[in-house]
Amino acid sequence: MDLGIRGKRAIVCASSKGLGLACARSLAREGVDLVMLARGREVLEAAAADIRAETGVSVVTVAVDITTPEGRAAVLAQCPDPDILVTNAGGPKPGNFRDWSREDWIAALDANMLTPIELIRLTVDKMMERKFGRIVNITSGSVKMPIEILGLSNGARSGLTGFVAGLARQTIAHNVTINNLLPGPFATDRLKETMGERARKTGKSIEELIAERGASLPAGRIGDPAEFGDACAYLCGARSGFMTGQNILLDGGSYPGTH
Ligand code: NAP
């Protein structure tokens, strides 16, 4: 299926690795020109070079922390009028809520709620004027099935979800959609990071724990980031203009409910 977005411009946040990178790659395969960003320059440049070589699209890189106002300004200076915005940032640390300070909460809210909202604020009106816009927020399956040790993520991402639910109904008449993609376990560095604590407690290796986690899912495996990237590209497609405000789980069937 041709998604009809060749030549569109996308900002894909936190895209040097993992799910962000997979979204960038899938969009590039559809002919979308990219702005990719992450804090670490070296990995980012290598990822961008790989995508350029494979797809031939234009890829601009910006090495910034997207959770800072300076970082966001530097990205928007490269692409003030994106047609597509994929918001993403590192997830908050796991732990016990009794150990978290106000600063921990502010950092989580900044990264996983306020940064996407600010990026939307800075881009959505111009998308509405141009009568095309696709915004996808990478959130987490924890929005539907909170994960005990990820309280900072459960809380901050639920705030973003509530905000998006209200805004997404105001933009769709202008062919601007806003949806959230909710990853379950995918094979990325982040998954290994969140398994670290359990590996220490159980004495099992991270690989063992990942294999066990995969086997426990209805799919019998954990997700391939490419599957996530392709779902993101579909949501960004020209034919996705009738879907907005949705929270779409990609979790190998883990969530047992009907909605
Ligand atoms: P990942 O493999 O660790 O990749 C994270 C990417 O984000 C890297 O490119 C990293 O590069 C960049 N990044 C992190 N913080 C940033 C910041 N402040 N500014 C700019 N770039 C930043 O993680 P992932 O698995 O793709 O996860 C992406 C998101 O999905 C996270 O919020 C995670 O919590 C969530 N999630 C993931 C899973 C999963 O199973 N993978 C499940 C549920 C939710 P630099 O470090 O160089 O900045």
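Just so we're clear, the structure is a prediction, and the values are computed from it rather than from any experiment.

Enquirer: Can you help me understand the sheet that holds strand E7 (residues 247-250) in this one?
Expert: Hydrogen bonds between backbone groups are what pair the strands of a sheet, and the pairing can be parallel or antiparallel. Taking strand neighbours across the sheet as the criterion, the seven strands line up as E3-E2-E1-E4-E5-E6-E7 in an open arrangement whose pairing is parallel. The sheet is open, and its two borders are formed by strand E3 (59-63) and E7, each paired with just one other strand. In this sheet, adjacent strand axes meet at a mean angle of 15° when their direction is disregarded. Relative to the sheet, helix H3 (residues 69-78) contacts strand E1 (9-12), strand E2 (33-38) and E3, its axis offset from that of E3 by approximately 165°.

Enquirer: Sorry, what's going on with the packing of aromatic side chains here?
Expert: Geometrically, a pair of aromatic rings is defined through the distance of the ring centres and the angle of the planes. Summed over the entire model, instances satisfying the criterion amount to two aromatic pairs. Their ring planes at 80° and their centres at 5.4 Å tell us that phenylalanine 186 and phenylalanine 228 sit as a pair that is edge-to-face. Here phenylalanine 186 is found in the loop between strand E6 (176-183) and helix H6 (189-202), whereas its partner phenylalanine 228 is found in helix H8 (residues 225-235), with 42 residues between them in sequence. Judged by its relative accessible area of 6%, phenylalanine 186 falls in the buried class. Positioned above the aromatic ring of phenylalanine 132, the side-chain terminus of lysine 8 is 4.2 Å from the ring centre.

Enquirer: I would appreciate a short explanation of the packing of helix H1 (residues 18-29) against H8 in the present structure.
Expert: Two quantities define a packed helix pair, namely the angle between the helix axes and the distance between the axes. Contact geometry of H1 with H8 gives a least axis separation of 7 Å together with a crossing angle of 55°. Considering their axes alone, H1 and H8 lie oblique with respect to each other. The way H1 lies across H8 gives a crossing that is right-handed. Touching Gly18, Leu19, Ala22, Cys23, Ser26 and Leu27 of H1 are Pro225, Ala226, Phe228, Gly229, Asp230, Cys232 and Ala233, all from H8. Of the residues belonging to the contact of H1 with H8, the class tally is nine nonpolar, three polar and one charged.

Enquirer: Whenever I open this one, the site of the ligand confuses me. Can you help?
Expert: For the ligand, the set of nearby residues contains 29 residues, the closest of which are Ser16, Leu19, Arg39, Ala89 and Thr188. With respect to the ligand, the backbone of glycine 184 contributes an N or O atom lying 3.2 Å from an oxygen atom. Notes on the ligand: free accessible area 880 Å², of which the protein chains cover 90%. Going through the elements one at a time, H1, E2 and H6 are the ones with two or more residues in the shell around the ligand. Taken together, the residues of the shell around the ligand break down into twelve nonpolar, eleven polar and six charged.

Enquirer: Explain helix H2 (residues 41-55) to me, please; I cannot follow it from the model alone.
Expert: In an α-helix, one full turn covers 3.6 residues, which means residues spaced three or four apart are oriented alike. Relative to the 21 Å expected for 15 residues at 1.5 Å per residue, H2 spans 21 Å between its end C-alpha atoms, a close match to the ideal helical length. On the buried face of H2, the contacting elements are H1, E2 and E3.

Enquirer: Where do I start with empty space enclosed by the protein in this structure?
Expert: One water molecule sets the probe size; rolling that probe over the atoms shows where empty space is left. With the rule as written, the count across this model stands at one cavity of 30 Å³ or more. Estimates place the volume of the largest cavity at around 80 Å³. Thr87, Asn88, Ala89, Ala111, Asn112, Thr115, Pro116, Asn137, Ile138, Arg157 and Leu160 are the residues that line the largest cavity. Residue contributions to the lining of the largest cavity peak at four residues, all from helix H4 (residues 102-130). Looking at the lining of the largest cavity residue by residue, the class counts come to five nonpolar, five polar and one charged.

Enquirer: In this structure, what is going on with the side chain of asparagine 154? I would like to understand it.
Expert: Looking at the secondary structure, you find asparagine 154 in helix H5 (residues 151-171). Here the side chain of asparagine 154 touches serine 142 through a polar contact of 3.4 Å, side chain to side chain. Within the structure, the side chain of asparagine 154 is placed 3.0 Å from the backbone oxygen of isoleucine 147, a separation counted as a polar contact. Other than its neighbours up to four places away in sequence, asparagine 154 contacts Ser142, Pro146 and Ile147.

Enquirer: Honestly, unusual backbone geometry in this entry has me stumped. Any pointers?
Expert: Trans is the prevailing form of peptide bonds, just as negative phi is the prevailing case for residues other than glycine. In the Ramachandran plot, alanine 14 falls in the positive-phi region, its phi being about 50° despite a non-glycine side chain. Following the sequence through the fold, alanine 14 ends up in the loop between E1 and H1. For alanine 14, a relative accessible area of 21% corresponds to the partly exposed category.

Enquirer: Looking at this structure, I do not really get H1. What am I missing?
Expert: Over its twelve residues, H1 runs 17 Å from end to end, which matches the ideal 16 Å to within 8%, given 1.5 Å per residue. Most of H1 is tucked away, with ten of its twelve residues classed as buried. Taken together, the buried positions of H1 are occupied by Leu19, Gly20, Leu21, Ala22, Cys23, Ala24, Arg25, Ser26, Leu27 and Ala28. Phi turns positive, to about 85°, at glycine 31, one or two residues after H1.

Parameters and conventions
- Throughout, residues of each chain are indexed from 1 in the direction in which the sequence is written.
- Only residues with pLDDT of at least 70 are given local features in this predicted model, and only at 80 or more are side-chain atom pairs given and counted; all residues enter the totals for whole chains, interfaces and linings.
- Derived side-chain values reflect all non-hydrogen atoms in the structure, with water molecules and hydrogen atoms excluded from consideration.
- For two strands to be treated as a pair, DSSP must find at least two bridges joining them.
- Strands are runs of DSSP state E lasting at least two residues, helices are runs of H or I lasting at least four, and both sets are numbered from the N terminus onward.
- Axis definition: a line fitted to C-alpha atoms, over the contacting stretch in the case of helices. Angles run 0 to 180 degrees between N-to-C directions.
- Contacts are assigned to residue pairs that have any heavy atoms within 4.5 Å of one another.
- Classification of ring pairs uses Phe, Tyr and Trp, with its six-membered ring standing for Trp, and accepts pairs whose centres are within 6.5 Å; under 30 degrees between planes counts as stacked, over 60 as edge-to-face, and the remaining range as tilted.
- Residue exposure (1.4 Å probe, protein chains only): buried if accessible area is under 20% of the type maximum, exposed if over 50%, otherwise partly exposed.
- Ring-over charges, as used throughout, are those where CZ of Arg or NZ of Lys falls within 6 Å of the ring centre and within 35 degrees of the ring normal.
- Any angle between 65 and 115 degrees counts as roughly perpendicular, while under 35 counts as roughly parallel, over 145 as roughly antiparallel, and the rest as oblique.
- Helix crossings get a hand from a simple test, with the near helix turned counterclockwise from the far one by less than a right angle marking a left-handed crossing and a clockwise turn marking a right-handed one.
- Gly is placed with the polar residues, together with every amino acid not listed as nonpolar (Ala, Val, Leu, Ile, Met, Phe, Trp, Tyr, Cys and Pro) or charged (Asp, Glu, Lys and Arg).
- Nearness here has a simple test: a residue counts as near a molecule or strand if at least one of its heavy atoms is within 4 Å of that partner.
- Here a polar contact means two N or O atoms within 3.5 Å. Within protein one must be a hydrogen donor candidate and the other an acceptor candidate, and residues neighboring in sequence count only if both atoms are side-chain atoms.
- Accessible surface area values rest on a Shrake-Rupley calculation with a 1.4 Å probe, where residue burial reflects the displayed protein chains alone.
- Expected span, for any helix, means 1.5 Å times one less than how many residues it has.
- The way it works is a 1 Å grid over only the protein atoms, where trapped points that fit a 1.4 Å probe form a cavity and open points with protein on both sides within 12 Å along at least five of seven lines form a pocket, and then any residue with an atom within 4 Å of a point lines it.
- Grid points are joined across faces, edges and corners, and a volume is the space filled by probe spheres set on the points.

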